[in-house]
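Chain by chain, the residues:
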Amino acid sequence: MKGIHPHDISQILDAEGIAIRAGHHCAMPLHEKFNLPATARASFYLYNTREEVDLLVKSLYSVLEIFGI
Amino acid sequence: MDDFYREIIIDRYKNPLNQGTLDPHDISFEDDNPLCGDHIRIDIRVGEDGRVNEAVFDGHGCAISLASADLLMESIHGKTMDEVKAMHKEDILEMLGIELGPVRLKCALLSLKVLKAGVYGLGEASDELVE
């Protein structure tokens, strides 16, 4: 999401009850290689439901809205 | 969440009023937060009266850290070095007007840490500066 820092994305998703990871993910050298200050990562597993995926998408749109993008 | 990302924070993040570098400058210091990768540099020109004449920041980071830096630069205009040294984290939190958890508090206080390390003329910035 261009123009929005991963920590801001994760903070907003967290308020919706969605936990993603933001930052270097214990892979700082890789981020430096790609010249990335940080990244945001959502992971799925067996227990995730379709509703939760829908909520993730909806919440990503509210991130854009909050930042006026 | 709308409360956390107050309009002033989004606005200062997207359109900072005090971003840039000064050359020459009287004080310059930079540091980063290794946990999140945020980086802030602060340049200051001090007037003949010993007060902050110009203050700007540059760097990259999240909305909280960059908005804090922008508001902080504005707030130190006209302050003496002793007044800058006396600033603490409550001054930043008051400007932001939000409650922050321990992780985001570090984002908010990075600019104050850099500022105080620069004004004190330290070799490196420490968290104790903003306790």
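Conventions and cut-offs
- Residues numbered from 1 in each chain as written.
- Chains lettered and ligands numbered in written order.
- Predicted model: local features only at pLDDT ≥ 70, side-chain atom pairs only at ≥ 80, totals over all residues.
- Helix = DSSP H or I, 4+ residues; strand = E, 2+ residues; numbered from the N terminus.
- Buried ≥ 20, exposed ≤ 12 C-beta atoms within 10 Å, placed from the backbone.
- Contact = placed C-beta atoms within 7 Å.
- Rg over C-alpha atoms; globule rule 2.2 N^0.38 Å.
- pLDDT = per-residue confidence, 0-100.
- Nonpolar A, V, L, I, M, F, W, Y, C, P; charged D, E, K, R; others polar.
- Pairing = 2+ DSSP bridges.
- Axes fitted to C-alpha atoms, helices over the stretch in contact; angles between N-to-C directions.
- Parallel < 35°, antiparallel > 145°, perpendicular 65-115°, else oblique.

Engineer: Any details on the overall build of chain A? Residues and values, ideally.
Structural biologist: A tally of regular secondary structure across chain A gives 3 helices and 2 strands. In chain A, the order of α-helices and β-strands from amino to carboxyl end is α-β-α-β-α. Principal-axis analysis of the C-alpha atoms places the extent of chain A at approximately 35 × 35 × 15 Å. A total of 69 residues make up chain A; the buried ones form 23% of that total. A separation of at least 24 residues holds for 53% of the contacts in chain A among residues at least 6 apart in sequence.

Engineer: I'd like a rundown of the overall build of chain B, residues and numbers included.
Structural biologist: When its secondary structure is counted, chain B shows 5 helices and 3 strands. Counting helices and strands in the order they occur from the N terminus, chain B gives α-β-β-β-α-α-α-α. For 131 residues, the compact-globule formula gives about 14 Å, and the C-alpha radius of gyration of chain B, at 14 Å, lands near that figure. Taken over the C-alpha atoms alone, chain B extends approximately 45 × 25 × 25 Å along its principal axes. The buried share of chain B, reckoned over its 131 residues, is 40%.

Engineer: Give me the lowdown on the confidence of the model for chain B, citing residues and values where you can.
Structural biologist: Detail in the predicted coordinates should be disregarded across regions flagged by low pLDDT. Per-residue confidence for chain B gives a mean pLDDT of 92, with 98% of residues at or over 70. Across the interface, the model reports ipTM at 0.81; the global pTM reads 0.89.

Engineer: Got a sec to walk through the environment of Pro24(B)? Specific residues and values, please.
Structural biologist: By the element assignment, Pro24(B) lies in the loop between α1 (7-14) and β1 (27-33). Owing to 7 C-beta atoms within 10 Å, Pro24(B) belongs among the exposed residues under this scheme.

Engineer: Can you explain the interface of chain B and chain A? Please cite residues and give values.
Structural biologist: Size of an interface, as often reported, equals the accessible area lost when the parts are brought together. Each partner contributes residues to the interface: chain B has 13 residues there, and chain A has 13 residues. Within the side of chain B that touches chain A, the residues separate by chemical class into 9 nonpolar, 3 polar and 1 charged.

Engineer: Which residues make up the sheet that holds strand β3 (residues 52-60) of chain B, and what values go with them?
Structural biologist: All names here are of chain B. The antiparallel open sheet is built from 3 strands, whose spatial order is β1-β2-β3. Every interior strand has two partners, whereas the edge strands, β1 and β3, have only one. Strand-to-strand twist in this sheet, taken as the mean axis angle between neighbours without regard to direction, amounts to 15°. Two strands pair when backbone bridges link them, and strand β2 (residues 38-46) and β3 are joined in this way by 8 bridges, in the antiparallel orientation.

Engineer: So, the packing of α1(B) against helix α2 (residues 63-75) of chain B: which residues are in play, and what are the values?
Structural biologist: Residue and element names in this part refer to chain B. Remark: α1 packs on α2, axes separated minimally by 8 Å, with the N-to-C direction vectors making an angle of 85°. Taken together, the axes of α1 and α2 are roughly perpendicular relative to one another. Residue-level inspection shows Ile-9, Ile-10, Arg-12 and Tyr-13 of α1 in contact with α2, the latter providing Ala-63, Ile-64, Leu-66, Ala-67, Asp-70 and Leu-71. Looking at the contact of α1 with α2 residue by residue, the classes come out as 8 nonpolar, no polar and 2 charged.

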